[in-house]
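Next come the chains, spelled out residue by residue.
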Amino acid sequence: MAVFTYRQKVLFQHCDPAGIVFYPRYFEMVNATVEEWFDAVIGCGFPTMHGPMQAAVPTAGLTIAFTAPSMLGDQLEFRLEPIRIGRSSLELEIAAFAGDEQRLKTTVTLVFTKKGAGKSVAWPDDLRAKIEKEINQVVENNA
């Protein structure tokens, strides 16, 4: 798959009184994109991860650059690429566009953990294999 795309419409709930996306709402949109990627591409949605697996992937780091404002009613396309996987971490790059105009670019670092662990733990082999496959496709497409 390489690049995963997820579309979100800018709703009233996302905006300040001027009709511009209030920046913290972007973090919610980014999180929704990550959640959809785990479900649609990796095959492990958050209901499974947080339920039977008793696991989670909290955000450990996030850098973001806002490049243009988004307005009420805009159709945003979030493009996610997995970049690197470590023992327990995962780095994702996500950019949001309205048409050809980039609105933001972010790098998100997630860590895998299990309920009660109190720290990060190694990715399960099955999830690691699926994520590595996606990273390899990104590398091939960018070569």
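These numbers were taken from a predicted model, which means no experiment stands behind them.

About the cut-offs
Residues numbered from 1 in each chain as written. Predicted model: local features only at pLDDT ≥ 70, side-chain atom pairs only at ≥ 80, totals over all residues. Heavy atoms only, no water. Helix = DSSP H or I, 4+ residues; strand = E, 2+ residues; numbered from the N terminus. Rg over C-alpha atoms; globule rule 2.2 N^0.38 Å. Buried < 20%, exposed > 50% of the residue type's maximum accessible area, 1.4 Å probe, protein only. Lys, Arg positive; Asp, Glu negative; His and termini not counted. Charge placed at Lys NZ, Arg CZ, Asp CG, Glu CD. UniProt positions renumbered as here; feature names shortened; annotations may be inferred. Salt bridge = Lys/Arg side-chain N within 4 Å of Asp/Glu carboxyl O. Phe/Tyr/Trp six-rings, centres within 6.5 Å; stacked < 30°, edge-to-face > 60°. Lys NZ or Arg CZ within 6 Å of the ring centre and 35° of its normal. Expected span 1.5 Å × (residues − 1). Arc of directions from axis to C-beta. Contact = heavy atoms within 4.5 Å.

(A) The arrangement of the overall build of the protein chain in detail. Summing up its helical and strand segments, the protein chain has 3 helices and 7 strands in all. Its C-alpha atoms give the protein chain a radius of gyration of 16 Å, within 12% of the compact-globule value 15 Å for 143 residues. If you line up the protein chain on its principal axes, its C-alpha atoms span 45 × 40 × 25 Å. Burial status across the protein chain gives 42% buried among its 143 residues. One finds the centroid of the 14 positive side-chain charges in the protein chain at a distance of 6 Å from the centroid of its 17 negative side-chain charges.

(B) Structural detail: the UniProt feature "domain: Thioesterase" (unreviewed entry) in the protein chain. Feature annotation in UniProt assigns "domain: Thioesterase" (unreviewed entry) to the following positions: residues 33-102. Split by type, residues 33-102 is 21% helix and 47% strand. Its first and last C-alpha atoms lie 16 Å apart.

(C) Examining the pattern of salt bridges more closely. Scanning the model with the defined rule gives 7 salt bridges in all. Linking Arg 79 and Glu 77 is a salt bridge whose minimum nitrogen-to-oxygen distance equals 2.6 Å. Residue classification places Arg 79 among the partly exposed residues on the basis of a relative accessible area of 29%. Owing to a relative accessible area of 16%, Glu 77 belongs among the buried residues under this scheme. Glu 91 is the salt-bridge partner of Arg 84, the closest N and O atoms lying 4.0 Å from each other.

(D) Representation of the packing of aromatic side chains within the structure. Here the structure, examined in full by the defined rule, presents 7 aromatic pairs. When the centroid spacing of 5.1 Å and the interplanar angle of 80° are considered together, the rings of Trp 37 and Phe 38 count as edge-to-face. With respect to burial, Trp 37 and Phe 38 carry one shared label: buried. Look at Phe 112 and Trp 123: their rings are 5.1 Å apart centre to centre, the planes differ by 35°, and that puts the pair in the tilted class. Placement of the pair is Phe 112 in the loop between β6 (101-111) and β7 (113-114) and Trp 123 in the loop between β7 and α3 (125-142), with a sequence separation of 11 residues. There is no split in this pair, since Phe 112 and Trp 123 are both buried. Through a chain of ring-to-ring contacts, three or more aromatic side chains come together here, namely Trp 37, Phe 38, Phe 46, Phe 112 and Trp 123. Arg 79 extends its terminal NZ or CZ atom over the ring of Phe 97, reaching a point 3.9 Å from the ring centre.

(E) A look at unusual backbone geometry. Of note in the backbone geometry, Gln 54 takes a positive phi value of approximately 55° without being a glycine. Mapped onto the secondary structure, Gln 54 falls in the loop between α2 (46-50) and β2 (55-56). Accessibility expressed as a relative area gives 33% for Gln 54, which makes it partly exposed.

(F) Molecular detail of α3. Counted at 1.5 Å a residue, the expected span for α3 with its 18 residues is 26 Å, and the 26 Å between its end C-alpha atoms agrees. Inspection of α3 places Leu 127, Arg 128, Ile 131, Glu 134, Ile 135 and Val 138 among the buried residues, and these make up the whole buried set. Across the axial projection of α3, the buried residues extend over an arc of 130°, all falling on one side. For α3, exposure combined with an orientation more than 90 degrees from the buried face picks out Asp 125, Lys 133 and Glu 140. Looking at the packing, one finds that the buried side of α3 touches α1 (24-42), β4 (75-85) and β5 (89-98).

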